[in-house]
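# Descriptive structure summary
Listed below are the residues making up each chain.
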Amino acid sequence: MQISKLSGLKREDFQSTIQGKQTDLFTLVNKRGFEVCITNYGGALVAIMVPDINGKIGNVIQGHDNIQGVVESPEPFLSTLIGRYGNRICKGHFQIDGETYELAINNGPNHLHGGPTGFHARVWDAKQLDDQTLELHYLSADGEEGFPGNLDITVIYRWTNDNELAIEYKATTDKATIVNLTNHGFFSLAGIANPTPDIMDLECYINADFYVPIDEVSIPTGEIRSVAGTPFDFRTMHAVGDMIDADDEQTRNGAGYDHSWLVSKEEFGELSFAAKIYEPNSGRSMEVWTTEPAVQVYTDNWATGYPGQLGATFPRRSAICFEAQHAPDTPNQTHFPSCILRPGEDYWQLTVYKFGTSSGPENTNLSGDIWGK
């Protein structure tokens, strides 16, 4: 029996045959001894073991401790890869070059996160390249979940010696399609527990002057709105709970925060600082860096207290998500940056989650390890 040293997860509990492929648990260990555990079912993160300010190591990602739990999770997108299109598409239809495509409706009247059998529910081919690197590959067939084109995707997880989890995405297609890949990590910097503490006192900074307002079914209104004077202004670090339930149409529409912030960048596509959170009780912090133009921030507004890893439970608002991506519904919002990928083009993005024990919004440099050096 192989047990991950810090997480306590058992590899054999993740080994099964699903969709004719083998599922497994892969453990990345950096030179400081800290761990990240990933299963190739949906590319789900099931453990990120990092220290608090006193050196106590805890798991800061929500997930499950066996493959059945991952497959049957009450939250199907729990810390998984998301695709072919992350976020919502209005009424599940879009056009490319005058041709209309119809997708599954799985979130009210809309399409969400690639559909019920999106990338979160697929077994990826996995290759552990070294102690700190996992490569996942999936070929999404033309017509899968209604999307056009055979999309060939590679996702590489790198766990650096500076406790940076770098996620690199690559894709090509043989027919024009839409692509908006991300990871839906549910982060709990206090450490998962029974129950996992809520995030209301979690301090947050978001490097964004603008956000995307949504209607009552979480579809963008088309407006790009300044955060100034709204509950969405995190340009000064403050607690998530300060204004999450403000008397504001947008927090009501999202049942809290479930919105896209447009990351302030000097150049489109550059790897830049997007956000930081700090958990005051543990002293843990996490920075988000991304090449993507936006981050969808979701405050776990619909969790029910369901069970997770090793006896932990996940109540409402016990996690926060930073899903680096393009803005929602881009195929139907022509003034948003396009998500169309055409034959001969390469899709590429890099997102980094850097864990530490510090406060304040100050960003720091990332290590060269994120490039696999």
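What counts as what
Residues numbered from 1 in each chain as written. Predicted model: local features only at pLDDT ≥ 70, side-chain atom pairs only at ≥ 80, totals over all residues. Heavy atoms only, no water. Buried < 20%, exposed > 50% of the residue type's maximum accessible area, 1.4 Å probe, protein only. Helix = DSSP H or I, 4+ residues; strand = E, 2+ residues; numbered from the N terminus. Pairing = 2+ DSSP bridges. Polar contact = N/O pair within 3.5 Å; in protein donor to acceptor, adjacent residues only side chain to side chain. Contact = heavy atoms within 4.5 Å.

## Some remarks on the pairing of strand 9 (residues 93–96)
Here strand 9 shows one buried face, formed by Phe94 and Ile96, and one open face, formed by His93 and Gln95. Note that strand 9 and strand 10 (residues 99–102) share four bridges and pair antiparallel. Each bridged residue has a counterpart across the sheet, and for Ile96 the counterpart in strand 10 is Glu99. Here strand 9 hands over to strand 10 after two residues, with Asp97 in that stretch at a positive phi of 50°.

## Thoughts on unusual backbone geometry
A cis amide bond links Gly83 to the next residue, Arg84, at an omega of 5°. Here Arg84 lies in the loop between strand 7 (81–82) and strand 8 (88–89). The omega angle of the peptide bond from Asn194 to Pro195 is -5°, so this bond is cis rather than trans. With phi around 55°, His113 is a residue other than glycine that occupies positive phi space. On the accessibility criterion, His113 (5% relative accessible area) is buried. In this structure, Asp329 takes a positive phi of about 55° despite not being glycine. Judged by relative accessible area, which is 1%, Asp329 ranks as buried.

## Concerning the side chain of His184
Mapped onto the elements, His184 comes out in the loop between strand 17 (182–183) and strand 18 (203–206). Classification of His184 as buried rests on a relative accessible area of 4%. One polar contact links His184 to Glu323, side chain to side chain, over a distance of 3.4 Å. Those residues in contact with His184 that sit more than four places away from it in its chain are Phe77, Leu78, Ser79, Thr80, Ile82, His113, Tyr298, Cys321 and Glu323.

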